[in-house]
Amino acid sequence: MYSEIIVFSGNAHRELAAKICDHLDTPIGNALVSQFSDGETRVEIRSNVRGKNVYIIQPTCPPVNHNVMESLIIIDACRRASARTITLVAPYFGYGRQERKAASRTPISAKVVADLYEAMGINRLVTVELHNSAIQGFFTNPVDHLFIKPVLTEFFQDIDQNTVVVSPDAGGVERARAMAKKWQCGLVIIDKRRDRPNESSVVHIIGDVSNKRCIIIDDIVDTGGSLVHACNALMDKGAKSVEAAITHPVLSGNAVQLINQSRLKRLVVSDTIPLSEAAQASKKIEQISVSRLLAESIIRIDKSLSISSLFQ
Ligand code: R5P
């Protein structure tokens, strides 16, 4: 039991918050997070937070804007109730893909969201597998950026000499390389081009995949287009099988159907985002939990211990 900390949850992912609190052996803080009849977010923090270190568990998964707004209003309530520190635990950082001016006259929406959290008064952000690590620099306060690597290492116990790790695009090479290094296997890179948002087409595969077990490592599976295109390209090049380990299962639109009908053998995702019923029913989708990793990080923050040592 960690008496100086208190954990609250918005409505984005109460199941994950409950698992984290189980690991911490602490009850979840009492707070009403609901809506007025016109849809405005209504929050009442009912546990005393004066002088406490508050942790708010709230990934900004769909409905993204609603969940961001809940986070902002819970943060405001805790600050006005004299919390000592406020840490937002957003295992999935929504808007993370809009992290640079990709074209003229476009916003940097990830920076907008970071500014909003800081303006409301967070002292720290804890998050998992940011789309781009540079998003840490959008915050003035510390960001503890956690990696999925230890959770994947525990899950995949059968990596052999015939396995290759695949990065589905140039932006994901660092992430895939870290897994390839850990598993001591080869790295393959897909040259993915995107003409329009949410539409992708595979152009070129760099590396040998013939008769290999391919494991695609990525941060987000959203429409499933990138994943299915990558899988097809790898199978067409003679891969023995294709699996994927993707941290954030956004799985919007008909992504689950697309994956079910694809040649993908298995998709392993984490619980940074709740799974839809369709995804839970899919025989191809398996979920692993980051709750222990998040709980351990909270303990280490509380005790001022190293977090990077979790990943070495
Ligand atoms: C893009 O750079 C990301 O790493 C993911 O590959 C992408 O967001 C997946 O999106 P979708 O599933 O819609 O193709």
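Below: a short report on this structure. (Residues numbered from 1 in each chain as written. Predicted model: local features only at pLDDT ≥ 70, side-chain atom pairs only at ≥ 80, totals over all residues. Heavy atoms only, no water.)

### Notes on the packing of helix α2 (residues 64–80) against helix α3 (residues 109–120)
Okay, so step 1: Remark: α2 packs on α3, axes separated minimally by 8 Å, with the N-to-C direction vectors making an angle of 20°. Comparing their axes, α3 and α2 come out roughly parallel. When you trace α2 past α3, the crossing you get is right-handed. Residue-level inspection shows Val-68, Ser-71, Leu-72, Ile-75, Asp-76 and Arg-79 of α2 in contact with α3, the latter providing Leu-116, Tyr-117 and Met-120.
Okay, so step 2: Across the contact of α2 with α3, the residue classes tally to six nonpolar, one polar and two charged. (Axes fitted to C-alpha atoms, helices over the stretch in contact; angles between N-to-C directions. Helix = DSSP H or I, 4+ residues; strand = E, 2+ residues; numbered from the N terminus. Parallel < 35°, antiparallel > 145°, perpendicular 65-115°, else oblique. Left-handed = near helix turned anticlockwise from the far one by under 90°. Contact = heavy atoms within 4.5 Å. Nonpolar A, V, L, I, M, F, W, Y, C, P; charged D, E, K, R; others polar.)

### A word on the packing of helix α1 (residues 14–24) against helix α9 (residues 291–302)
The relative placement of two packed helices comes down to the angle between their axes together with the axis-to-axis distance.
Okay, so step 1: Running from N to C, α1 and α9 cross one another at 55°; their axes reach a closest spacing of 8 Å. Comparing their axes, α9 and α1 come out oblique. Considering how the two elements wind past one another, α1 and α9 form a crossing that is right-handed. Side by side, α1 and α9 meet where Leu-16, Lys-19, Ile-20, His-23 and Leu-24 of the first sit next to Ser-291, Arg-292, Leu-294, Ala-295, Ile-298 and Ile-299 of the second.
Okay, so step 2: The residue inventory of the contact of α1 with α9, partitioned by class, reads seven nonpolar, two polar and two charged.

### Things to note about the site of the ligand
Okay, so step 1: Residues in close proximity to the ligand total 15 residues, the closest being Asp-218, Asp-219, Asp-222, Thr-223 and Ser-226.
Okay, so step 2: Between the ligand and Asp-222 there is a distance of 2.8 Å, counted from an oxygen atom to a backbone nitrogen or oxygen.
Okay, so step 3: Every element with two or more residues in the shell around the ligand is listed here: β9 (186–196), β11 (213–221) and α6 (225–236).
Okay, so step 4: Broken down by element, the residue count for the shell around the ligand peaks at four residues, all from β11.
Okay, so step 5: Looking at the shell around the ligand residue by residue, the classes come out as two nonpolar, six polar and seven charged. (Near = heavy atom within 4 Å. Polar contact = N/O pair within 3.5 Å; in protein donor to acceptor, adjacent residues only side chain to side chain.)

### What about the nonpolar core?
Okay, so step 1: Ranked by internal contacts, the top residues of the largest apolar core, which has 37 residues, are Leu-152, Trp-183, Ile-217 and Leu-294.
Okay, so step 2: For this core, the secondary-structure elements that each account for two or more residues are β1 (5–9), α1, β4 (53–57), β6 (124–128), α4 (149–155), α5 (173–183), β11 and α9.
Okay, so step 3: With six residues, α9 is the largest single contributor of residues to this core.
Okay, so step 4: Contacts of Trp-183, omitting those with residues within four sequence positions, involve Leu-152, Thr-153, Phe-156, Ile-159, Val-165, Ile-215 and Ile-217. (Core = buried A, V, L, I, M, F, W, Y, C linked by side-chain atoms within 4.5 Å. Buried < 20%, exposed > 50% of the residue type's maximum accessible area, 1.4 Å probe, protein only.)

### Description of the packing of aromatic side chains
Okay, so step 1: Counted under the stated rule, the structure contains five aromatic pairs.
Okay, so step 2: Seen from their ring centres, Phe-93 and Tyr-117 are 6.3 Å apart, and the 70° between their planes marks the pair as edge-to-face. Linking Phe-93 in the loop between β5 (85–90) and α3 with Tyr-117 in helix α3, this pair joins segments that are 24 residues apart in sequence.
Okay, so step 3: An aromatic cluster of at least three residues, connected via ring pairs, comprises Phe-93, Tyr-117 and Phe-139. (Phe/Tyr/Trp six-rings, centres within 6.5 Å; stacked < 30°, edge-to-face > 60°.)

### Notes on α9
Okay, so step 1: With twelve residues, α9 extends 16 Å between its outermost C-alpha atoms, agreeing within 8% with the 16 Å of an ideal straight helix rising 1.5 Å per residue.
Okay, so step 2: Where burial is concerned, most of α9 is hidden: nine out of the twelve residues are buried.
Okay, so step 3: Listing the buried residues of α9 in full gives Ser-291, Leu-293, Leu-294, Ala-295, Ser-297, Ile-298, Ile-299, Arg-300 and Ile-301.
Okay, so step 4: Ser-304 lies just past α9 and shows a positive phi near 55°. (Expected span 1.5 Å × (residues − 1).)

### Quick look at the environment of Gln-261
Okay, so step 1: Within the secondary structure, Gln-261 is located in the loop between α7 (255–260) and β13 (266–270).
Okay, so step 2: The exposure class of Gln-261 is exposed, given its relative accessible area of 62%.
Okay, so step 3: Taking the C-alpha atoms as reference points, Gln-261 and Lys-284, 23 residues apart in sequence, are found 9.8 Å from one another.

### A short note on the side chain of Asn-67
Okay, so step 1: Looking at where Asn-67 falls in the secondary structure, it is placed in helix α2.
Okay, so step 2: Taking relative accessible area as the criterion, Asn-67 reaches 2% and is therefore assigned buried.
Okay, so step 3: Contacts of Asn-67, omitting those with residues within four sequence positions, involve Ala-12, Gln-58, Pro-59, Thr-60, Cys-61 and Pro-62.

### Topic: unusual backbone geometry
Okay, so step 1: A cis amide bond, omega -5°, links Pro-62 with the succeeding residue Pro-63.
Okay, so step 2: With respect to the secondary-structure elements, Pro-63 resides in the loop between β4 and α2.
Okay, so step 3: In this structure, Asp-25 is a non-glycine residue whose phi angle is positive, near 55°.
Okay, so step 4: Notably, Asn-211 is not glycine yet its phi reads approximately 60°, a positive angle.
Okay, so step 5: Topologically, Asn-211 is positioned in the loop between β10 (199–206) and β11.
Okay, so step 6: What makes Asn-211 exposed here is its relative accessible area of 52%.

### Regarding the sheet that holds β4
Okay, so step 1: Spatially, five strands are ordered β1-β4-β5-β6-β7 in an open sheet, and the strand pairing comes out parallel. At either end of the open sheet lies a strand with only one pairing partner, and these are β1 and β7 (143–146). For this sheet, the mean angle separating the axes of adjacent strands, direction not counted, is 20°.
Okay, so step 2: Across the sheet, α1 lies against β1 and β4, angled at about 160° from β1, the strand it touches most.
Okay, so step 3: Where α9 meets the sheet, it contacts β1, β4, β5, β6 and β7, and its direction lies at approximately 160° from that of β4. (Pairing = 2+ DSSP bridges.)

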